[in-house]
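The lines below spell out each chain.
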Number of protein chains: 2
Amino acid sequence: MKVVGEGKTRVDAYGKVTGEAKYTADLEPANILTAKVMHATIANGVVKRFDLSEAERVPGVVKIVTCFDVPDIQFPTAGHPWSTETKHQDICDRKLLNTRVRLFGDDIAAVVAEDEVACDRAIRAVKVEYEEYPPIPTVEEALAAGASVLHPDLREDNVIAHTHMVMGPDDFTYERGLQEAEEIYGQDQLAVIDKEYRTPRISHCHIELPTSFAYQDVNGKITIVSSTQIPHIVRRVTAQALGWPVGKVRVIKPYIGGGFGNKQDVLYEPLNAYLSLQIGGRAVRLEIDRENTISGTRTRHEIVSRCRAVASRDGKILARQIQAYANNGGYASHGHAICANCCTVFKDLYADRIGCEADGYTVYTSAATGGAMRGYGIPQSVFFAECLTDDICRKIGADPLKFRMENCVPEGFVDPGNGIGFHSYGLKKCMEAGAEYIHWDEKREKYKNQTGPVRRGVGMAIFCYKTGVHPISLETASCRMILNQDGSMQLSLGATEIGQGADTVFTQMAAETTGLSFENVYVVSTQDTDTAPFDTGAYASRQSYVSGMAVKKCGIQFKEKLLDYAAYMLNSDTGYLSATVYAETVRSARKRLNRILGLREGTEITADMLDVADSRIVCAAGGEELFPLSVLADTAFYSLDRSVHITAECTNQCRKNTFSSGCCFVEVEVDLPLGLVEVKDIVNVHDSGKLLNPKLAEAQVHGGMSMGLGYGLSEELLFSSDGRPLNPNLLDYKIPTAMDTPKLNVKFIELVDPTGPYGNKSLGEPPAIPVAPALRNAVLHATGVAMDELPMTPQRLIAAFQEHGLLKQNTPNGE
Amino acid sequence: MKVVGEGKTRVDAYGKVTGEAKYTADLEPANILTAKVMHATIANGVVKRFDLSEAERVPGVVKIVTCFDVPDIQFPTAGHPWSTETKHQDICDRKLLNTRVRLFGDDIAAVVAEDEVACDRAIRAVKVEYEEYPPIPTVEEALAAGASVLHPDLREDNVIAHTHMVMGPDDFTYERGLQEAEEIYGQDQLAVIDKEYRTPRISHCHIELPTSFAYQDVNGKITIVSSTQIPHIVRRVTAQALGWPVGKVRVIKPYIGGGFGNKQDVLYEPLNAYLSLQIGGRAVRLEIDRENTISGTRTRHEIVSRCRAVASRDGKILARQIQAYANNGGYASHGHAICANCCTVFKDLYADRIGCEADGYTVYTSAATGGAMRGYGIPQSVFFAECLTDDICRKIGADPLKFRMENCVPEGFVDPGNGIGFHSYGLKKCMEAGAEYIHWDEKREKYKNQTGPVRRGVGMAIFCYKTGVHPISLETASCRMILNQDGSMQLSLGATEIGQGADTVFTQMAAETTGLSFENVYVVSTQDTDTAPFDTGAYASRQSYVSGMAVKKCGIQFKEKLLDYAAYMLNSDTGYLSATVYAETVRSARKRLNRILGLREGTEITADMLDVADSRIVCAAGGEELFPLSVLADTAFYSLDRSVHITAECTNQCRKNTFSSGCCFVEVEVDLPLGLVEVKDIVNVHDSGKLLNPKLAEAQVHGGMSMGLGYGLSEELLFSSDGRPLNPNLLDYKIPTAMDTPKLNVKFIELVDPTGPYGNKSLGEPPAIPVAPALRNAVLHATGVAMDELPMTPQRLIAAFQEHGLLKQNTPNGE
């Protein structure tokens, strides 16, 4: 491969730095109106009535709508492909505005006004009367007898779903596995762990807030310009929410300032569309502020798990169990998919000799809604699995690296439940590379018996992660290529650039397959659902794999058409072309070709004699240049003899999946009295198949590692007992800053995956996964203290160190 | 046909009335900068230097560029397809800003500022020094010995082109024809006419001024949103003007407020792009005000012709000649095409027994540039031909209707010069219908011998008009159709809606051919050259013929794909589909189909057993409904078994042409002392093939007739002897208002044209053609005075009536 695999500069690098790249707000028409959502100030209850009289008198107010005005249509918000099987459809559990308040900040009304100030003033002037119920912000409260049911129309209780799955015999249970282990090994040759691990609710913290604007166009269509990862799904869901046919909804996705899964839900586009329709189709902007973005859009699920394991003292995992409870908040969003994913990968990550049992519960609570976030349940899953592994190792005195080498998911593994497996396998090589980088053996030994207030440790964690969602859900993507007069092309996809570099790697793929030079491929970055090929969008680390194959298939067709036309031209060297400015170019090309191939004049040239390289038609044998593509294109457009506008378009339905894997190794220095963890060194090693663009791949990993550091050490969305968010802002909610971030080291084990269109497999989400458990395990190594709850804040660390006698207990007087 | 031929309401009617339709100005981003062009205040000369010091100090000024700054690249502006044959390429005779001033108002500098006021102030503050030459605003002056040559780099004199063409023997000349006529008939049996006719320079007067805005996007691309008829041509010419590859230019065409040919030139888009690029790619608006639009963009050519004819006294045209001089103004624009077209149709319109000779001269002058305008030379041509015909009739005492019936272009006519001919022929039927409507015989008799100050008359004129530009130039058009989840489609074309109703008739065509209901076809009205199929645009009355065939071809492909998928579904009634919500629908459809066709269960269903009607899959035999297209579409999008996004795209290279024809009959009342012509009754009768939409067709004719009335009676752009425009505003330049406009009657002779995609042929431009000569001939009938110069203003009429003794000469004292 010539272009794929090169470290090309992002196609949007310059445009993003200079401000040329247009984001949603850049495209707003003049005289646009502003809308704001009015959020509930209780966490559980029902809106009884509004008094709008004062609010409607606020100067500049155009329209106020409340939850009593909106259509009586419930719709889902998940960024999933639609299913024509009812049981696979997402849960329809919300309206445009909700009378039943299910979380603090629920959407109960909206104001459209001339400007933001008028919106704010009006919202403050609205009087609302609630019937209030006790908040049930935790899974425990939501499952307690007598808890109010948040969606009584859909469920008898607050459990969205419970799944039970096993690895091993169909009737496997952990209890039976434990019994079998005891029978084989004898109780004293076994180590048994039974623990509760907790991961926090965190926020995506994309820089660009959820923002959109909508207006009505002719044909009665509504157009929504939105910062979304999934324009085609926004289109479908908006239609569903309005009770409209899909064809009457148009969604435009410009450049977006981050999403990380939060913009894989259809958040406010349907409401934005509805608001525009209420005022005769005028353009209305709807932006959600930072506070409500953090607490009121989507979060990574808080999952509490009880994990159990039995291992032989000689270092074999025999059986494991997870019982995971995902706090889904007020709305279903992605439903049970994320908790189920958590359970699946918990099972897959180790080769339990006897079996593994997993139960996942996804529970409605009156708290912030959980949805998709980079890793989709796997950061939690891997935290649980990797805490458990190190806890086993500690108990049996095993080296965590050797133990993992012995027990981790092996080459050739295929999950019998869903058929997903490895088609290329680099996990153990990743571990070797990471261990070598961090000087594992040396440092595990060196840091064994430390004393004093500052101690060091090294830790690791591994993961595996699938690529896309087949066969759990539909994988489909389309691509279109359009030849320009200068021999360049437009590359149009439904797949979306969301900052991850998709546009750049698609450009490389198109250049690779068609033979056009990289500079001659212009990717159409903006998706307009009226004309963009269909694609479900950016999620599940799927695009370079699923949509990438659409690029490849389309590129093959496109190139065939180019060669076909080139052959026609070379056969017309004495015909029509001889009247044109290209007469001499084509005539001499034909002569060269005749000479190279030993053809007589007049022999028919066929496409298979030709190839495209570096934007030139060349001889397939030997690669000698015949003529530039610009000559072909100009002729194809304007030939009086055979004018054809060369385009190609096709769908790729992907029926494959493959595991990526990798690991994180980290060295920390723990300051016991201060409760501080300083990362001294860190490396992520990834097995993601062929790297499409090593520079972008590294950047992708950097971002994920940074998120992993925040997940491990500082990020947590806090709520009061009555369900109010306590830190929904970027001052009190702590993402790592540049000052908090060490040098991030990245390595790859680059194996060609035979199922990937260009040997590639998932890389988008994986980097965020292994960092937090590696940190936790390093702290364990340094201090002997197992931190079973994330994030490892100073408060939690000091409390744990005190509990383990490493620090004195503070007395109430601070003595 | 079910949908084509129906009087559907315009698809954009509601959106245009309510303001939902977005025009260029509606799409401007906030904080856009404004640019204005500085126009020369001399008509002929050279800019020597600028003093910008004061202008640059005007608050709000961002950038001033002058003719000394712009790239040294000459480019053409004509909205023609590109040609790969140098001799067919348009003339490159201007730069973005010009140092050589060739007309009053030439573009010599441009200012970018925060707002319009700052632009205006800065322009007033620019000091410019010229070297001035004598203006040469007329053809006579431009051709005079010693006249300054306006484009000395391209031509030795001011003649852009001269063509000589004949109908009859190759060596035919009018002089020989006259001689031959004398030999055959004898001199006393002949009538000879030798006259000069003049048509004025007029303005298109589209309501929306030429406006665009440009900004730089990522990939280094420049985007231009513009009110144009020809987005793909704007793209190519802008690239040429900037010296850029076409792939780096993107043009977006929103709804436009009229063009009538003026927006078939690439007027200011290249300059707009250049200005944005000078300030780092920021968005800049460039709008040309009404004054400069009228005098500085394009105009309909002033053509002066000497026409001669010889006819036999028994009513046969024997030979004719035209020598036409087109005043092209300062720039070539469409070059000689318009004058040549004028000559061609002069020849074609009558069957000269001996022959016809035509000479056309297109001449640069230091006056407003002539370009495309509705009719493209034929309003002039037909004025000349039809004045000449009535002048012959008057001389030999023939009835103009009978004379035309005898001598006009006959059924089956093919122009031997270009191969264009009639494939359907309704001209004589049109004349019959018009004559019947106006009570021709009765009124010709009744108004024969009038006296008194107020007199009536009836007049007529005929015309023929080709459809598109084949084989003179390339005809190529593409279309793409995209299926939506609800079974509706997007219809995407490069052809443009410019107010003429193209979107509506394309929608009808797509519905007709695919079987979707009219309401289920959503036309993508905005062309974005990044993704829209290629089309050269709206001109030459070509789109419903050339692009219409692209719709038909694409629709056939699209429907094939639908039927293919339908067959797959009907064969899968027991397979994948049985798990979906559509199981029962498809199963029962299959049963019905089996019953209708007498098939056994399990027989393979093939696409040819099926059809699409009214957005439903039906049985081809009998039309019984099987299932709605929405079921097919939802399955095709989301099938886990076979997901395919159904689209179709294809090019139509049109190698056909066909004549439309028609006539205008008018009754006038002439008030001699006041010099007023009141239209008492008027009818246009058109032979335009099958009417795609009778309501829109009628509206199309109304608009053309209105333009014809203005051309005949009031419109003329006046210049001072030093080349300054005297009436470039809508107060002093007189287009007909509602008060000036009589009831406009329209009739059609609807014959199916076998070459048209739906039996249709040109209708866009024809209505504007025959009105003015019919008026002139009615005035001739009423008064006996032949008005040989348009428009027939009161001043001209009174002067002529005085000259002919119908009015007393005014004495200098008004006695």
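Residues numbered from 1 in each chain as written. Chains lettered and ligands numbered in written order. Predicted model: local features only at pLDDT ≥ 70, side-chain atom pairs only at ≥ 80, totals over all residues. Heavy atoms only, no water.

S.K.: Looking at this structure, I do not really get the environment of K127 of chain A. What am I missing?
M.R.: Residue and element names in this part refer to chain A. For K127, the location among the structural elements is in strand β6 (residues 127-132). A relative accessible area of 42% places K127 in the partly exposed class. For the pair K127 and F384, spaced 257 residues apart in the sequence, the C-alpha separation amounts to 46 Å. Excluding residues that lie within four positions of it along the chain, K127 makes contacts with R49, F50, D51 and E54. In terms of polar contacts, K127 uses its side chain to reach the side chain of E54, at 2.7 Å. (Helix = DSSP H or I, 4+ residues; strand = E, 2+ residues; numbered from the N terminus. Buried < 20%, exposed > 50% of the residue type's maximum accessible area, 1.4 Å probe, protein only. Contact = heavy atoms within 4.5 Å. Polar contact = N/O pair within 3.5 Å; in protein donor to acceptor, adjacent residues only side chain to side chain.)

S.K.: Could you clarify how one ought to interpret the relation of the copies chain B and chain A in this entry?
M.R.: Each of the two chain copies can be brought onto the other by rotation about an axis and movement along it. The two copies are related by a screw operation: chain B maps onto chain A through 180° of rotation and 0.0 Å of translation along the axis, at an RMSD of 0.0 Å. The operation mapping one copy onto its partner corresponds to a two-fold rotation axis. (Least-squares fit on C-alpha atoms with pLDDT ≥ 70 in both.)

S.K.: Any chance you could explain unusual backbone geometry here in plain terms?
M.R.: Negative phi characterises most residues that are not glycine, and trans characterises most peptide bonds. Of note, the bond from H470 of chain B into P471 of chain B is cis; its omega dihedral lies within 30 degrees of zero at 0°. Its location among the elements puts P471 of chain B in the loop between β16 (454-465) and β17 (476-483). Residue P791 of chain B follows L790 of chain B across a cis peptide bond; omega there is -10°. Inspection of the secondary structure assignment puts P791 of chain B in the loop between α19 (771-783) and α20 (794-803). Positive phi, normally seen in glycine, also occurs at F260 of chain A, with a value near 55°.

S.K.: Quick question: what am I supposed to make of the pairing of strand β23 (residues 625-628) of chain B here?
M.R.: As a general feature of sheets, a regular strand has side chains that alternate between the two faces. Residue and element names in this part refer to chain B. Relative to β23, strand β22 (residues 616-619) runs antiparallel, the two sharing 3 bridges. Bridging from a neighbouring strand, I617 pairs with F627 of β23. Two successive antiparallel strands, β22 and β23, enclose a turn made up of 5 residues, where G622 displays a positive phi of approximately 100°. (Pairing = 2+ DSSP bridges.)

S.K.: I would appreciate a short explanation of the packing of helix α15 (residues 543-571) of chain A against helix α16 (residues 583-597) of chain A in the present structure.
M.R.: Helix-helix packing is characterised by the crossing angle of the two axes and by the distance between the axes. Residues and elements named next belong to chain A. The interhelical angle for the contact between α15 and α16, taken along N-to-C directions, is 95°, at an axis separation of 9 Å. One element, α15, and the other, α16, form an angle in the roughly perpendicular class. Two secondary-structure elements touch here, α15 through M569, L570 and N571 and α16 through V586, A589, R590 and L593. By residue class, the composition of the contact of α15 with α16 is 5 nonpolar, 1 polar and 1 charged. (Axes fitted to C-alpha atoms, helices over the stretch in contact; angles between N-to-C directions. Parallel < 35°, antiparallel > 145°, perpendicular 65-115°, else oblique. Nonpolar A, V, L, I, M, F, W, Y, C, P; charged D, E, K, R; others polar.)

S.K.: Please clarify how the sheet that holds strand β27 (residues 745-748) of chain A should be interpreted in this entry.
M.R.: To summarise the sheet geometry, strands pair through backbone hydrogen bonds and adopt either a parallel or an antiparallel arrangement. Residue and element names in this part refer to chain A. Overall, mixed pairing links the 4 strands, which are arranged β16-β25-β26-β27 in an open sheet. The open sheet has two edge strands with one neighbour each: β16 (454-465) and β27. Direction aside, neighbouring strands of the sheet carry axes that sit 15° apart on average. Pairing of β16 with strand β25 (residues 660-671) involves 12 bridges; the strand directions are antiparallel. Looking at β25, one finds that G457 is bridged to V668.

S.K.: Help me out: how do you make sense of the interface of chain B and chain A in this one?
M.R.: Many structure descriptions define interface size as the accessible area lost when the parts assemble. In this complex, chain B contributes 70 residues to the contact, which on the side of chain A involves 70 residues. Together chain B and chain A conceal approximately 5900 Å² of surface at their shared face, both sides included; 50% is due to carbon and sulfur atoms. Scanning the region where chain B abuts chain A turns up 2 salt bridges. E649 of chain B is the salt-bridge partner of R480 of chain A, the closest N and O atoms lying 2.9 Å from each other. At the junction of chain B with chain A, the criterion picks out 41 residue pairs in polar contact (both at pLDDT 80 or more). Here the side of chain B that touches chain A is built from residues that sort into 26 nonpolar, 24 polar and 20 charged. (Buried area = accessible area lost by both parts, 1.4 Å probe. Salt bridge = Lys/Arg side-chain N within 4 Å of Asp/Glu carboxyl O.)

S.K.: Just to check I follow, could you spell out the confidence of the model for chain A for this structure?
M.R.: Atomic detail in the predicted coordinates should be set aside for any region of low pLDDT. Put simply, chain A has an average pLDDT of 96, and 99% of its residues get 70 or more. Confidence estimates for the predicted assembly give a pTM of 0.97 and an ipTM of 0.96. (pLDDT = per-residue confidence, 0-100.)

S.K.: Would you mind going over the pattern of salt bridges with me for this structure?
M.R.: Side-chain pairs of opposite charge can arise whenever the charged atoms involved come near each other. All chains considered together, the criterion is met by 110 salt bridges over all chains. A salt bridge links D352 of chain B to R320 of chain B; its shortest N-O distance comes to 2.8 Å. Of this pair, D352 of chain B sits in the loop between α9 (337-348) and β15 (355-364) while R320 of chain B sits in strand β14 (residues 316-329), and the two are 32 residues apart along the sequence. Residue D352 of chain B is classed as buried on the basis of its relative accessible area, which comes to 14%. A salt bridge links E667 of chain B to K443 of chain B; the shortest N-O distance between them is 2.6 Å. Of the two residues, E667 of chain B sits in strand β25 (residues 660-671) while K443 of chain B sits in helix α13 (residues 440-446), which places them 224 residues apart along the sequence. Just as E667 of chain B is buried, K443 of chain B falls in that class too. The network of salt bridges with common partners includes D217, K221, R250, D528 and D530 of chain A.

S.K.: Can you help me understand empty space enclosed by the protein in this one?
M.R.: Empty space among the atoms can be located by rolling a probe the size of a water molecule over them. Taken as a whole and judged by the stated rule, the model has 10 cavities of 30 Å³ or more. Along the walls of the largest cavity sit 50 residues, with R250, I252 and D528 of chain A together with R250 and I252 of chain B positioned nearest its centre. A breakdown of the residues in the lining of the largest cavity according to their chemical character gives 25 nonpolar, 11 polar and 14 charged. (1 Å grid on protein atoms, 1.4 Å probe; cavity = no way out; pocket = protein on both sides within 12 Å on 5 of 7 lines; lining within 4 Å. Points joined across faces, edges and corners; volume = space filled by probe spheres on them.)

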